[in-house]
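Here's the letter readout for the chains.
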Amino acid sequence: MNKKSSVLAAPFALWILIFTVVPLALVVYFAFWGDNGFTLDFIKSIGEGEYAKSLGTSIWLGAIATVICLLLGYPVAYIISRAKGISQRTMVMLIMLPQWMNFLLRTYALMSLLENNGLINTWLRDIGLDPINIINTRAAVVLGMVYDFLPFMVLPIYSVMTKIDHRVTEAAQDLGANGFVVFRRVILPLSVPGIISGITMVFVPAVSSFIISRLLGGGKEMLIGDVIEMLFIQVEGGRNVGAALSLVLMVLMLICMTLMNHFDDSEDSGGMIA
Amino acid sequence: MSDTIISLRGVSVSFDGETVLDNLNLDIEDGTFVTLLGPSGCGKTTTLRIIGGFVRQDEGDVFFAGENINNVPPHKRKLNTVFQRYALFPHLNVYENIAFGMRIQKKPESEIKAKVTELLGLVSLEGFEKRSVNTLSGGQQQRVAIARALANDPKVLLLDEPLGALDLKLRKEMQVELKRIQHSLGITFLYVTHDQEEALSMSDVIVVMNHGIVQQIGSPLDIYNEPVNGFVADFIGESNIVDGIMYADCDVEFCGARMVCVDTGFAPMEEVDVVVRPEDVIVVPAEEGFFTGTVLSSTFKGVHYEMIVDVPGQDEDWMIQSTVTQEVGATIGMKVDPENIHIMKKYTGDYASDIDYTENVVE
Ligand SMILES: Nc1ncnc2c1ncn2[C@@H]1O[C@H](COP(=O)(O)OP(=O)(O)OP(=O)(O)O)[C@@H](O)[C@H]1O
Ligand SMILES: [Mg+2]
């Protein structure tokens, strides 16, 4: 690196140091150093009972939410990428719009929709149908995750799809592919990079989400994000175990992302189109 | 045998109110090498896309082997396209790119393998099966695109400026290669280019287009020797095009001189375009010429000298090609043999603005 570019990079290096390296170092420190110096006790305690269970639940619900986001988001992204000029921009806007509202507010809004005497059930009763009891169930938690993170699935897939050269799809047609075959043999494989980043961008925040399960799941079951938050904020001396849990979660996510990216590389051996 | 394989009848199309093809009529004989030649934007690609089924004409009909295919979607047409800039599948390797069409037809793997191997041999890419198409050079991608388009045994291959992105040397090699492939397979090639040399050297038939209108259809020799108008003459080779008057059959005046020519059928005193190729001008001592001019410059071009000559009373300077150079500033006499004077109906367009933007591409 030459002198000039290292001078230019300095502010960013400082930024990364303060907001990434230092917090990470603190997490590692608290996870391994207790009052009596270095210890593995905090890490070990995660394997026991409640923590492991809520980690498992979080991963399970996060995975379900991710799959639903993919099933809903992929067709949406495809339709948007196919739309023309102004309607395409409008649809992208509509997808992004909820993101401009605070995540907490959105979750509260969903809560008031789903409540037993909420908007949806009121309407159902009005038209003479049985109300549904969804609030305070796992289904509501998953719904909340899907609702909050769906745009993170749609946008990367959409952006990869718009980059697919239309002449490549024409070439497929030219060689005898009907609409379905063009989709399966050209569009789907070429959108894999978007799917990969969509999955990563939904799964990671979904697994580590907090508040959602407390508001929509009725607090019966704590997800790992809630546990960590609780340990740090509410439990006296809980920050060591909290840090250990964060660390484990982070490592799990890193492993998961590495696996995904590896899958991406082998699937997309031809490389992405520019 | 000469069967018509593709036929366009009165095809017109416009985009956003702008006419791109105007009443196009074209018959393509089975097994021939036909070239669409014309400046950028004249509608060559659009013509191919109509035949391929990617653009629907506003008016007119497209026939394939006598059958109207207006409503046949692209994937059901028995012809294949080599696209301008290839459009290879970036996620597939060379083998799978070529196998694409056969996989759709669910051919057995053994047959696919044999065909791919055969085609790779045809385009001289043996051993490239496993390569990613993104790591190939332009010329190699070109060959893959050709092999891929040939894999379905099309009766007609449409090629849209397939050599446009290649350097001159490679382009010359590929021209020979393509001609060889067309010969050995005996199928019809409909080839698009704006390079007149390419068109002249490769084609059985050339279709010269401008502004969506067919200007002339003929063999390369016809087109070169008997261009029907000034546009064709100018596009097909650098020519001197000057105003003239036909006094009577075989009697023309231009550059202030009456000359004998071989053209007939014009009205008496009709204003015409006179076309004289640079290599057809004979340089003689000033007093022996039909008309005279002053040499402005002389440049050696490898096999001949190219001289720019100012002829008094003419807006445009003359271009002369000769193996003997003349001194700059000298006054020379010029003669043209009667059969080298080409008389044409007045072309109302502006030649220079029609073709200028292709010149940087043509080497
Ligand atoms: N889909 C389209 N929408 C609007 N205009 C178009 C479309 N396709 C082509 N045109 C216009 O039609 C005209 C002819 O285009 P075409 O691509 O057929 O030219 P071409 O002869 O192939 O030129 P080139 O040598 O540059 O490839 C151009 O003016 C182009 O802008
Ligand atoms: Mg074109």
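Predicted model only: the values in this text are computed from it and were never measured.

Some words on the overall build of chain A
Within chain A, the regular secondary structure consists of 13 helices and two strands. Each of the three principal axes of chain A carries a C-alpha extent, and together these read 70 × 70 × 30 Å. Taking all 274 residues of chain A together, 41% fall into the buried category. At a minimum sequence separation of 6, the contacts of chain A that also span at least 24 residues come to 69%. Carbon together with sulfur atoms contributes 70% to the accessible area of chain A, which is approximately 15200 Å² in total. Side chains of chain A carry 17 positive and 19 negative charges; the gap between the two charge centres is 8 Å.

Points about the pattern of salt bridges
Opposite charge on two side chains allows them to pair when their charged atoms are near. Residues and elements named next belong to chain A. A full pass over the atoms with the stated rule returns 20 salt bridges over all chains. Across the pair E229 and R214 runs a salt bridge whose closest N-O atoms are separated by 2.3 Å. Placement of the pair is E229 in helix α12 (residues 224–233) and R214 in helix α11 (residues 212–216), with a sequence separation of 15 residues. One salt-bridge network, in which partners are shared between bridges, spans R214, D226 and E229.

Section: the environment of B:A286
All names here are of chain B. Position of A286 relative to the elements: it lies in the loop between β15 (281–284) and β16 (291–300). Between the C-alpha atoms of A286 and Q175, which are 111 residues apart in sequence, the distance is 44 Å. The contacts of A286, once residues within four sequence positions are left out, are T292, T331, I332 and G333.

Let's talk about the site of ligand 1
Residues and elements named next belong to chain B. Taken together, 13 residues are adjacent to ligand 1, and S40, G41, K44, T45 and T46 come closest. A distance of 2.5 Å separates an oxygen atom of ligand 1 from a polar atom in the side chain of S40. Q84 places a side-chain nitrogen or oxygen 3.2 Å from an oxygen atom of ligand 1. Out of a free accessible area of 630 Å², ligand 1 has 61% covered by protein chains. Per-element accounting of the shell around ligand 1 gives the leading share, three residues, to helix α1 (residues 44–52). When grouped by side-chain class, the residues that make up the shell around ligand 1 number three nonpolar, seven polar and three charged.

Looking at the domain arrangement of chain B
Residue and element names in this part refer to chain B. The assigned domain composition of chain B is domain 1 (4–227 + 354–362) and domain 2 (230–345). One C-alpha centre belongs to domain 1, the other to domain 2; they are set 37 Å apart. Of the residues lining the interface, 18 residues belong to domain 1; the matching set on domain 2 comes to 10 residues. Taking both partners together, domain 1 and domain 2 bury about 1200 Å²; carbon and sulfur atoms supply 72% of that area. For the interface between domain 1 and domain 2, the tally reads zero salt bridges. At the boundary of domain 1 with domain 2, the tally comes to four residue pairs in polar contact (both at pLDDT 80 or more). Among the elements of the structure, α6 (196–202), β9 (205–210), β10 (213–218), α7 (220–225) and α9 (351–355) are those that each provide at least two residues to the side of domain 1 that touches domain 2.

Digging into the sheet that holds strand β18 (residues 318–322) of chain B
All names here are of chain B. Reading across from one edge, β15-β19-β16-β17-β18 is the order of the five strands in this open sheet, with antiparallel pairing throughout. Each edge of the open sheet carries a strand with a single partner, namely β15 and β18. The sheet shows a mean angle of 45 degrees between the axes of neighbouring strands, direction not considered. Two strands pair when backbone bridges link them, and strand β17 (residues 305–310) and β18 are joined in this way by five bridges, in the antiparallel orientation. Bridge pairing in β18 places Y305 opposite S322.

Side note on the nonpolar core
Counting residues in each nonpolar core, the largest one holds 50 residues, and the members touching the most others are A:M145, A:L216, B:F89 and B:F100. Per-element accounting of this core gives the leading share, 11 residues, to helix α7 (residues 138–162) of chain A. Non-local contacts of A:L216, meaning those with residues more than four positions away in its chain, are made with A:T107, A:L110, A:M111, A:L114, A:I135, A:N136, A:T137, A:A140, A:V141 and A:G144. Within the second largest apolar cluster, 37 residues are counted, among which are B:F33, B:L119, B:L159 and B:L166.

Examining helix α3 (residues 109–122) of chain B
Residue and element names in this part refer to chain B. The end-to-end C-alpha distance of α3 is 20 Å, a good match for the 20 Å that 14 residues give at a rise of 1.5 Å each. Restricting attention to buried positions, one finds in α3 the residues I112, K115, V116, L119, L120 and L122. Seen from one end, α3 has its buried residues packed into an arc of 150 degrees, which puts them on one side. When the buried face of α3 is taken as reference, the exposed residues oriented beyond 90 degrees from it are S110, K113 and E118. Where α3 ends, the next residue or the one after it, S124, has phi of about 55 degrees, a positive value.

Each value, and the rule that gives it
- Residues numbered from 1 in each chain as written.
- Chains lettered and ligands numbered in written order.
- Predicted model: local features only at pLDDT ≥ 70, side-chain atom pairs only at ≥ 80, totals over all residues.
- Heavy atoms only, no water.
- Helix = DSSP H or I, 4+ residues; strand = E, 2+ residues; numbered from the N terminus.
- Buried < 20%, exposed > 50% of the residue type's maximum accessible area, 1.4 Å probe, protein only.
- Contact = heavy atoms within 4.5 Å.
- Areas by Shrake-Rupley, 256 points an atom, 1.4 Å probe, with all protein chains shown as cover.
- Lys, Arg positive; Asp, Glu negative; His and termini not counted.
- Charge placed at Lys NZ, Arg CZ, Asp CG, Glu CD.
- Salt bridge = Lys/Arg side-chain N within 4 Å of Asp/Glu carboxyl O.
- Near = heavy atom within 4 Å.
- Polar contact = N/O pair within 3.5 Å; in protein donor to acceptor, adjacent residues only side chain to side chain.
- Nonpolar A, V, L, I, M, F, W, Y, C, P; charged D, E, K, R; others polar.
- Domains from an automatic or database assignment.
- Buried area = accessible area lost by both parts, 1.4 Å probe.
- Pairing = 2+ DSSP bridges.
- Axes fitted to C-alpha atoms, helices over the stretch in contact; angles between N-to-C directions.
- Core = buried A, V, L, I, M, F, W, Y, C linked by side-chain atoms within 4.5 Å.
- Expected span 1.5 Å × (residues − 1).
- Arc of directions from axis to C-beta.

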